[in-house]
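Residue-level listing of the chains:
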Amino acid sequence: MTGQSKLLVVDDEPSLQDIVATSMRFLGYDVSVASSGREAVRVATDVRPDLIILDIMLPDFDGLEVMRRLRAAGIDAGVVFLSARDTPADKIAGLSAGGDDYVTKPFGLEELAARVSAVLRRVRPDLATDGVLKVADLELDPETYQVTRAGVPIELAPTEYKMLRHLMINANVVLSRQQLLDAVWGTDFYGDDSVVATYISYLRRKVDATGEPLIHTHRGFGYVLRVPKR
């Protein structure tokens, strides 16, 4: 799926909500969050997500009621339920209510990501692609985390990968240090933004080592990944 798919993560457990939201952002999704049923309905009405990761047990009303209210409001987003309840009756209730998938806790983030991708392919076929990002001879596969240039594999650390992915999604767009800082390290990062320049340098050594430079500096503005000019 493309990085433009919008997700809403609904869970009242702060640590779990943060882990799921962060992992989905890492995969390139545009993620909103909510901690209660009422907040979920409000946020979903505002942002119109493509898919909702929805906890069954919420402090005000349960996920099934959230779904009923969303459908009544004309919101047809895909829904992946999360629940500690793992009996067949519970799963049937969730799927019968219109859920697209049902994941029991505890779960692996890779499994959840695969289920989210599968549901999105069904409910939003217009967003489906092979998932591979391509700029010139540089390719990044978000499903396998494989990066190649002219077919040669490039080994990247997780932060390098995340920065390159954001640059490729925004190819030909100049991104400021602050934009890259927010996208890669999060808006709650309080360190020096010079870390962005450091990681740009790391990427250049790996990505631009075997071909024409793709990563460019716009002094006073930021950085851009673009196809070399002929």
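The structure this text deals with has already been given above.
This section reports on the structure supplied with the text. The shown structure was predicted, so the numbers you read here are calculated from the model rather than taken from an experiment. (Residues numbered from 1 in each chain as written. Predicted model: local features only at pLDDT ≥ 70, side-chain atom pairs only at ≥ 80, totals over all residues. Heavy atoms only, no water.)

1. Description of the sheet that holds strand β7 (residues 138-141)
- Taken in spatial order, the four strands line up as β6-β7-β8-β9 in an open sheet, and their pairing is antiparallel. Here the strands that pair on one side only, and so sit at the sheet edges, are β6 (133-135) and β9 (152-154). On average, each strand axis in the sheet is tilted by 25° relative to the strand beside it, whichever way the strands run.
- Taken together, the three bridges between strand β8 (residues 146-149) and β9 define a ladder with antiparallel strand orientation. Its bridge partner lying in β9, Val147 is registered against Ile154.
- Together, β6, β7 and β8 form the strand contacts of helix α6 (residues 158-169), whose direction differs from that of β7 by roughly 115°. (Pairing = 2+ DSSP bridges. Helix = DSSP H or I, 4+ residues; strand = E, 2+ residues; numbered from the N terminus. Axes fitted to C-alpha atoms, helices over the stretch in contact; angles between N-to-C directions. Contact = heavy atoms within 4.5 Å.)

2. As for the environment of Ile19
- Relative to the helices and strands, Ile19 resides in helix α1 (residues 14-26).
- Taking the relative accessible area as the measure of exposure, Ile19 reaches 44% and is therefore partly exposed.
- In this structure, the C-alpha to C-alpha distance between Ile19 and Arg177, residues 158 residues apart in sequence, is 25 Å. (Buried < 20%, exposed > 50% of the residue type's maximum accessible area, 1.4 Å probe, protein only.)

3. Remarks on the sheet that holds strand β1 (residues 6-10)
- As summarised here, the arrangement of the five strands in space is β2-β1-β3-β4-β5, forming an open sheet in which the pairing is parallel. The open sheet has two edge strands, β2 (30-34) and β5 (101-104), and neither has a second partner. Across the sheet, the axes of successive neighbouring strands diverge by a mean angle of 20°, strand direction being ignored.
- In terms of strand pairing, strand β3 (residues 51-55) meets strand β4 (residues 78-83) through five bridges, oriented parallel. Note that in β4 the partner of Asp55 across the bridge is Leu82.
- Contacts between α1 and the sheet are confined to β1, β2 and β3, with β2 contributing the most and set at about 170° to the helix.
- Contacts between helix α2 (residues 37-47) and the sheet are confined to β1, β2 and β3, with β2 contributing the most and set at about 150° to the helix.

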